[in-house]
Number of protein chains: 2
Amino acid sequence: MSILNLELKKVVDDSYEIEIGYELMDKLVEDLEKGLVGNIRRFAVITDSNVRDLYGKPICERLIRAGYGVDLFVFAAGEKSKTRETKANVEDAMLEKGYRRDCCIIAVGGGVVTDLAGFVAGTYGRGVPFINYATTLLAAADASVGGKTAVDTPLATNLIGLFYQPSKVYIDIAAWKSLPQRQLSSGMAETIKHACLASYDMFTFLEQNMEHILECQKFACEYIAENNCKIKYNVVMKDERESGLREVLNLGHTVGRAIETLSDYRLLHGEALAIGMAAQVQLSARLGYMSEEEAHRVCTLYQKAGLSTKIPDYIDREELVKKLYTDKKVRDGKLRFVLQKGIGDVVEFAPGVFAKPIEEELAREIIMELE
Amino acid sequence: MSILNLELKKVVDDSYEIEIGYELMDKLVEDLEKGLVGNIRRFAVITDSNVRDLYGKPICERLIRAGYGVDLFVFAAGEKSKTRETKANVEDAMLEKGYRRDCCIIAVGGGVVTDLAGFVAGTYGRGVPFINYATTLLAAADASVGGKTAVDTPLATNLIGLFYQPSKVYIDIAAWKSLPQRQLSSGMAETIKHACLASYDMFTFLEQNMEHILECQKFACEYIAENNCKIKYNVVMKDERESGLREVLNLGHTVGRAIETLSDYRLLHGEALAIGMAAQVQLSARLGYMSEEEAHRVCTLYQKAGLSTKIPDYIDREELVKKLYTDKKVRDGKLRFVLQKGIGDVVEFAPGVFAKPIEEELAREIIMELE
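For the structure given in this document, a descriptive report is provided here. These numbers come from a predicted model, not from an experiment.

### Section: the overall build of chain A
Each helix and strand counted, chain A has 13 helices and 12 strands in total. For 371 residues, the compact-globule estimate of 2.2 N^0.38 gives 21 Å, and the C-alpha radius of gyration of chain A, at 21 Å, lies within 12% of that figure. Its C-alpha atoms put chain A at 70 × 60 × 35 Å along the principal axes. Looking at chain A as a whole, 60% of its 371 residues are labelled buried. A total of about 14,600 Å² of accessible surface is found on chain A, and carbon and sulfur atoms cover 47% of it. Here chain A contributes 46 positive and 55 negative side-chain charges, whose respective centroids are spaced 4 Å apart.

### Here we look at the packing of aromatic side chains
Per the counting criterion, the structure on display carries 16 aromatic pairs over all chains. Ring geometry for Phe-130 of chain B and Tyr-164 of chain B: centres 6.1 Å apart, planes at 15°, overall stacked. One end of the pair, Phe-130 of chain B, is in strand 7 (residues 130-134); the other, Tyr-164 of chain B, is in the loop between strand 9 (156-163) and strand 10 (168-172), with 34 residues separating them in the sequence. Grouping aromatic residues by their ring pairs yields a cluster made of Tyr-55, Tyr-133 and Tyr-170 of chain A. Cation over ring: Arg-126 of chain B sits above Phe-163 of chain A, and NZ or CZ is 5.8 Å from the ring centre.

### Topic: the sheet that holds strand 5 (residues 69-75) of chain B
The mixed open sheet is built from seven strands, whose spatial order is 1(A)-3(B)-10(B)-7(B)-6(B)-4(B)-5(B). Of all strands in the sheet, those bounded by a partner on one side alone are strand 1 (2-6) of chain A together with strand 5 of chain B. The mean angle between the axes of side-by-side strands here comes to 15°, regardless of whether they run parallel or antiparallel. Pairing between strand 6 (residues 104-109) of chain B and strand 7 of chain B: five bridges, direction parallel. Bridge pairing in strand 7 of chain B places Ile-105 of chain B opposite Phe-130 of chain B.

### Quick notes on the sheet that holds strand 4 (residues 42-48) of chain A
Two strands in a sheet stick together by hydrogen bonds in their backbones, pointing the same way (parallel) or opposite ways (antiparallel). Here we have seven strands laid out as an open sheet, ordered 5(A)-4(A)-6(A)-7(A)-10(A)-3(A)-1(B), and mixed in their pairing. Sheet topology places strand 5 (69-75) of chain A together with strand 1 (2-6) of chain B at the edges, where each strand pairs with a single neighbour. Strand after strand, the sheet turns through a mean of 15° between neighbouring axes, direction not considered. The pairing of strand 3 (residues 16-21) of chain A with strand 10 (residues 168-172) of chain A spans five bridges and is parallel. The residue bridging Ile-20 of chain A from the neighbouring strand is Ile-171 of chain A, located in strand 10 of chain A. Strands strand 4, strand 5 and strand 6 (104-109) of chain A of the sheet are contacted by helix 3 (residues 84-96) of chain A, whose axis makes an angle of about 155° with strand 5 of chain A.

### A few points about the packing of helix 7 (residues 200-214) of chain B against helix 11 (residues 292-304) of chain B
Residue and element names in this part refer to chain B. In the contact formed by helix 7 and helix 11, the axes pass within 10 Å of each other and the chain directions differ by 25°. It follows from the interaxial angle that helix 7 and helix 11 lie roughly parallel. As helix 7 packs across helix 11, the resulting crossing turns out to be left-handed. Contacts between helix 7 and helix 11 involve Tyr-200, Phe-203, Thr-204, Leu-206, Glu-207, Met-210, Glu-211 and Leu-214 on the former and, on the latter, Arg-297, Val-298, Leu-301 and Lys-304.

### Regarding the packing of helix 10 (residues 269-286) of chain A against helix 13 (residues 360-369) of chain A
Residue and element names in this part refer to chain A. Their axes nearest at 10 Å, the elements helix 10 and helix 13 cross at an angle of 120°. As summarised for this structure, helix 10 and helix 13 are arranged oblique, according to the angle between their axes. Pair helix 10 / helix 13 crosses with right-handed handedness. Contacts between helix 10 and helix 13 pair Ala-279, Gln-282, Leu-283 and Arg-286 from the former with Leu-362, Glu-365, Ile-366 and Glu-369 from the latter. Its residues placed into classes, the contact of helix 10 with helix 13 shows four nonpolar, one polar and three charged.

### Some thoughts on the relation of the copies chain A and chain B
Mapping chain A onto chain B calls for a rotation angle of 180° and an axial translation of 0.0 Å; the resulting RMSD is 0.0 Å. Accordingly, the operation relating the two chain copies is best matched by a two-fold axis. Judged by C-alpha distance, Val-11 of chain A is the residue of chain A that lies nearest the rotation axis, at 2.2 Å. Here 100% of the contact residues of chain A are again contact residues in chain B; the copies associate through an equivalent surface.

### Quick look at the pattern of salt bridges
Two side chains carrying opposite charge are able to pair once their charged atoms lie near each other. Within this structure, the stated rule accounts for 52 salt bridges over all chains. Across the pair Asp-71 of chain A and Arg-42 of chain A runs a salt bridge whose closest N-O atoms are separated by 3.6 Å. Here the residue Asp-71 of chain A occupies a position in strand 5, and Arg-42 of chain A occupies one in strand 4, the gap between them amounting to 29 residues. Taking the relative accessible area as the measure of exposure, Arg-42 of chain A reaches 27% and is therefore partly exposed. Of the charged contacts, one joins Arg-84 of chain B and Glu-91 of chain A as a salt bridge, the two residues approaching to 2.8 Å between their closest N and O atoms. One end of the pair, Arg-84 of chain B, is in helix 3 (residues 84-96); the other, Glu-91 of chain A, is in helix 3, on a second chain.

### Some points on the environment of Arg-331 of chain B
Looking at the element boundaries, Arg-331 of chain B is found in the loop between helix 12 (317-326) and strand 11 (334-337). Separated by 26 residues in the primary sequence, Arg-331 of chain B and Pro-357 of chain B have C-alpha atoms spaced 8.6 Å apart.

### Points about unusual backbone geometry
We note that Asp-264 of chain A has phi near 55°; this positive angle belongs to a residue other than glycine. Mapped onto the elements, Asp-264 of chain A comes out in the loop between helix 9 (253-262) and helix 10. In the Ramachandran plot, Glu-23 of chain B falls in the positive-phi region, its phi being about 50° despite a non-glycine side chain. Overall, the relative accessible area of 62% leaves Glu-23 of chain B in the exposed class.

### Here we look at the interface of chain A and chain B
Taken residue by residue, the interface counts 65 residues in chain A and 65 residues in chain B. Taking both partners together, chain A and chain B bury about 6,100 Å²; carbon and sulfur atoms supply 55% of that area. Across the contact surface, chain A and chain B share four salt bridges. Scanning the region where chain A abuts chain B turns up 28 residue pairs in polar contact (both at pLDDT 80 or more). Put simply, the parts of the chain that give the side of chain A that touches chain B at least two residues each are strand 1, strand 2 (9-13), strand 3, helix 3, helix 4 (111-123), strand 8 (148-153), strand 9 (156-163) and helix 8 (218-237) of chain A. In the side of chain A that touches chain B, the residues fall into 26 nonpolar, 14 polar and 25 charged. With five bridges joining them, strand 2 of chain A and strand 2 (residues 9-13) of chain B adopt antiparallel strand pairing. If you follow Asp-13 of chain A over to strand 2 of chain B, its bridge partner there is Lys-9 of chain B.

### Observations regarding helix 2 (residues 52-65) of chain B
Residues and elements named next belong to chain B. Here helix 2 is 14 residues long and its end C-alpha atoms lie 18 Å apart, about the 20 Å a rise of 1.5 Å per residue gives. Of the positions making up helix 2, those classed as buried are Tyr-55, Gly-56, Pro-58, Ile-59, Cys-60 and Leu-63. Of the surrounding elements, those touching the buried residues of helix 2 are helix 1 (25-33), strand 4 (42-48), strand 5, strand 6, strand 7 and strand 10.

### A look at the pairing of strand 9 of chain B
Residues and elements named next belong to chain B. Burial within strand 9 is extensive, with seven of its eight residues counted as buried. Pairing of strand 8 (residues 148-153) with strand 9 involves five bridges; the strand directions are antiparallel. The partner of Lys-148 across the bridge, within strand 9, is Phe-163. What sits between the antiparallel neighbours strand 8 and strand 9 is a turn of two residues.

### Section: the side chain of Thr-309 of chain B
Residues and elements named next belong to chain B. Position of Thr-309 among the secondary structure elements: in the loop between helix 11 and helix 12. Side-chain polar atoms of Thr-309 contact the side chain of Gln-303, separated by 2.9 Å. Those residues in contact with Thr-309 that sit more than four places away from it in its chain are Ala-274, Ile-275, Ala-278, Cys-299, Tyr-302 and Gln-303.

Cut-off values and rules
Residues numbered from 1 in each chain as written. Chains lettered and ligands numbered in written order. Predicted model: local features only at pLDDT ≥ 70, side-chain atom pairs only at ≥ 80, totals over all residues. Heavy atoms only, no water. Helix = DSSP H or I, 4+ residues; strand = E, 2+ residues; numbered from the N terminus. Rg over C-alpha atoms; globule rule 2.2 N^0.38 Å. Buried < 20%, exposed > 50% of the residue type's maximum accessible area, 1.4 Å probe, protein only. Areas by Shrake-Rupley, 256 points an atom, 1.4 Å probe, with all protein chains shown as cover. Lys, Arg positive; Asp, Glu negative; His and termini not counted. Charge placed at Lys NZ, Arg CZ, Asp CG, Glu CD. Phe/Tyr/Trp six-rings, centres within 6.5 Å; stacked < 30°, edge-to-face > 60°. Lys NZ or Arg CZ within 6 Å of the ring centre and 35° of its normal. Pairing = 2+ DSSP bridges. Axes fitted to C-alpha atoms, helices over the stretch in contact; angles between N-to-C directions. Contact = heavy atoms within 4.5 Å. Parallel < 35°, antiparallel > 145°, perpendicular 65-115°, else oblique. Left-handed = near helix turned anticlockwise from the far one by under 90°. Nonpolar A, V, L, I, M, F, W, Y, C, P; charged D, E, K, R; others polar. Least-squares fit on C-alpha atoms with pLDDT ≥ 70 in both. Salt bridge = Lys/Arg side-chain N within 4 Å of Asp/Glu carboxyl O. Buried area = accessible area lost by both parts, 1.4 Å probe. Polar contact = N/O pair within 3.5 Å; in protein donor to acceptor, adjacent residues only side chain to side chain. Expected span 1.5 Å × (residues − 1).

Here it is as structure tokens:
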């Protein structure tokens, strides 16, 4: 019998830049020419049917003009495409075109594109570089920081995936103008959540400038793009493996995700999150962590962003409670909630513990009382 | 316009132990009780139909007796199971049973099980710990060091996967006795390759002890298990991302993999590799990097291990050349080969360059002249 010790300790540097600006397609090509991903000459541009013509094709054309090898891979827009099947289809199309390890993937689109293309990049040839060109507010708020990639399966959302950092992220604010109002509003849900959990200043900025944001005025969009990234970075940097602190990003998501699933994706992620946040602030207020006025302010801001905080009639509230409390995350009959402490902070229940187990009875009360 | 710099530099420690011994199932449970994977109480044991009864179930029973939550996930034995579909089936079965992030995967079996279960572990909940209980010589020689996990697709072998290190590897030599002779011989192919590329001493040991190895005598099996790991570790440790040095592990694989594919997996990996190694030594001899006698010694050792170095009649040699030179790795009409320098070393063509571009004409000559 013998034991071998394999020493595999090393320094990993996954640092990257996020560039926030207007019409960054030329800048992307310029960065590549300056060696952003080394000597790579071949690029797989992955996008969805919504973004193909507006950004996917134009980026391909610019890359071809610059002398690179490029192919465009397009899948149907929407959360329902975020599956293992779509991933396999993209992989097979890339293999068919002869892509091997010496390529780079460019994700062009919103959160679904980033999550999926990042996952493809992380497992293609055991990992090729990828660049994220974010065209939606939601992608800017949620997908630009944290390195989370994933697909959904019939039994779980975002559970199959990996942590994989991009080489660079571009947040093209000009693209927000092309978003339908509903998408823009939905994207605001995570932005407001960030303000709620980390910055009272940002919250008041949002209260005062919501109209400017929804009109995509430059100063307002830049402000929120920057602050979203900073807040998320501060949380993620301190806790990359989601052990403790990172859990605060789940604020509002406990109920939000259940509603999203029960709506069978009739609600967009942000629309479901707005309702989840309404439930969360009611719970936080009930437990004395924030005032009724503060809870009301949060709901009002969501409404100002064009998001309803009401549970749709087609969702059965008893079924919602049942879904929450039969979830596999429930332990000893209790489900854990992140809770707000006033506006701009969260409750730390014990050092490093940012979620509180809540009994089914109390959760039912809150959900039944919601508007 | 603004640029945020995300600093994500950190020290990663993926060190782990390889334990080589006889009947290590009790030792595995003991290690878990001592905290090998922390406080995890739930284990998904992944195995194939060959290994289920001999090791899969016995390991599960031991874990259950020790008070752990355990489920056994079994797929059909064989390289043809190493697919995205099998991975998805295992994931869905785990989700169905309620596995979330707080679990550990135990791979029990040969190289296919390790490659597949390691890939499942690397993307389940964005990465859960995994333990490798290797029951074959091939897994001991090839899959215990390097962290490579992958599946095959219709268009590519091992191209979808990731680098993911186990928490510990157990090499149970007792299990080798249960292997059919054909499997044991096939497993010897990588072992002989390791000797060829790194250790003249090991090569002579194999020449002198092949009968003892094929009878699974303890001293001989321990010797090769240990030396396989050490050689591979020395190569891999110096070059985790397969940029230069690690390429030497592809010795014999250029032709070997093509033959494996053309045989439609009638040949086992090691059987195909033996033929690939025969082609490689002929090429090395032709180019003056080794003598004809040394080339002959290598082929003789493969034959002693029960492996034919002849190309089977059902493989068309012209088709083999065509497959090699239409491969996507071909550049400027040349395919790169790692070549032996005598026995126990490889040729370093320039600093850090361990492969030489070979013209189709020369490769055809070698292949046509092979026995």
